[in-house]
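Topology and contacts: notes
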Amino acid sequence: MEFKDFALSINQTKVARFAKDLAEGKIMATLCRRCGRRYYPPRADCPDCMAGEMEWKPIRGEGKLVTFTKIYVPPEHFVVRQPLMPFSSVQFEPCPIGILEVEDGLRIMGWMPKVDGKKIRIGMKLKASPQILPDGKVTIILETV
Ligand SMILES: [Zn+2]
């Protein structure tokens, strides 16, 4: 059997609704019905108590920035600003990416296109929300509250 036969698309998994909910503006976590532990990104089964009964719960998305970095050569669909110099290998403004700690200690990674790169600080309050990019892909952005 060739490797291509093992390709697994997210729409074939038990957490397929995650992407659909994001596109509808909701960031979802799963809650284990047996032990009560919450998971983000959502998990189909609880690794703590091995239960498979999970409940889907929305995350409000407000929290504090735990860490961040800046990507100098971001993925193509993250590039919304014009190149600084045509045909240069370093032509994009750095793309800040952060990790936000929200309710129950859940951590959400997101892109920060609207936050001034010079004003990003650990501990600052931000809100995570889904955004549909011009190419139709869905991502999570972190914005000031
Ligand atoms: Zn559990």
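Conventions used here
- Residues numbered from 1 in each chain as written.
- Predicted model: local features only at pLDDT ≥ 70, side-chain atom pairs only at ≥ 80, totals over all residues.
- Heavy atoms only, no water.
- Helix = DSSP H or I, 4+ residues; strand = E, 2+ residues; numbered from the N terminus.
- Buried < 20%, exposed > 50% of the residue type's maximum accessible area, 1.4 Å probe, protein only.
- Contact = heavy atoms within 4.5 Å.
- Areas by Shrake-Rupley, 256 points an atom, 1.4 Å probe, with all protein chains shown as cover.
- Salt bridge = Lys/Arg side-chain N within 4 Å of Asp/Glu carboxyl O.
- Donors = N, O, S within 2.8 Å, 3.2 Å for Na, K, Ca; no water.
- Tetrahedral: all angles 85-135°; square planar, octahedral: opposite > 155°, others 65-115°.
- Polar contact = N/O pair within 3.5 Å; in protein donor to acceptor, adjacent residues only side chain to side chain.
- Pairing = 2+ DSSP bridges.
- 1 Å grid on protein atoms, 1.4 Å probe; cavity = no way out; pocket = protein on both sides within 12 Å on 5 of 7 lines; lining within 4 Å.
- Points joined across faces, edges and corners; volume = space filled by probe spheres on them.
- Nonpolar A, V, L, I, M, F, W, Y, C, P; charged D, E, K, R; others polar.

Across its full length, the chain holds one helix and eight strands. Within the span of the chain, comprising 145 residues, buried residues form 35% of the whole. Put simply, 54% of the contacts in the chain that link residues at least 6 apart link residues at least 24 apart. By element, 54% of the accessible surface of the chain is carried by carbon and sulfur atoms, the whole surface being about 9,500 Å².

On inspection of all chains with the given rule, the structure shows 12 salt bridges. Among the ionic pairs, Glu55 bridges to Lys57, the shortest N-O distance being 3.3 Å. On the basis of relative accessible area, Glu55 is assigned to the partly exposed category, the value being 26%. Connected through shared salt-bridge partners, Arg17, Lys20, Asp21, Glu24 and Lys26 make up one network.

In this structure, Gly123 sits in the loop between strand S6 (107–111) and strand S7 (125–132). Excluding its chain neighbours within four sequence positions, the residues that come into contact with Gly123 are Lys64 and Leu65.

Only Cys32 (SG), Cys35 (SG), Cys46 (SG) and Cys49 (SG) from the protein coordinate the zinc ion, and they sit 2.3 Å from it. Taken together, the four donor atoms coordinating the zinc ion and their angles of 100 to 118° define a geometry best described as tetrahedral. Mapped onto the sequence, the donors of the zinc ion take the spacing C-x2-C-x10-C-x2-C. Placement of the pair is Cys35 in the loop between strand S1 (28–32) and strand S2 (38–39) and Cys46 in the loop between S2 and strand S3 (54–58), with a sequence separation of 11 residues.

This part takes up the environment of Glu55. Within the secondary structure, Glu55 is located in strand S3. If sequence neighbours within four positions are ignored, Glu55 has contacts with Ala29, Thr30, Leu31 and Arg33. Within the structure, the side chain of Glu55 is placed 3.3 Å from the side chain of Lys57, a separation counted as a polar contact.

Paired through backbone hydrogen bonds, the strands of a sheet run either parallel or antiparallel to each other. Judged by pairing direction, the sheet is antiparallel, and its three strands sit side by side in the order S2-S1-S3 without closing on themselves. The open sheet has two edge strands, S2 and S3, and neither has a second partner. Where S1 meets S2, two bridges bridge the pair, whose relative direction is antiparallel. Among the inter-strand pairings, Leu31 is bridged to a residue of S2, identified as Arg38.

Another point: the layout of surface pockets. Space inside the largest pocket adds up to approximately 160 Å³. For the largest pocket, the lining is made up of 10 residues, of which Tyr40, Met109, Gly110, Thr139 and Ile140 are closest to its centre. Residue assignment for the lining of the largest pocket shows that the elements contributing at least two residues are helix H1 (17–23), S6 and strand S8 (138–144). For the lining of the largest pocket, the leading source of residues is S6, giving three residues. The residue inventory of the lining of the largest pocket, partitioned by class, reads eight nonpolar, two polar and no charged.

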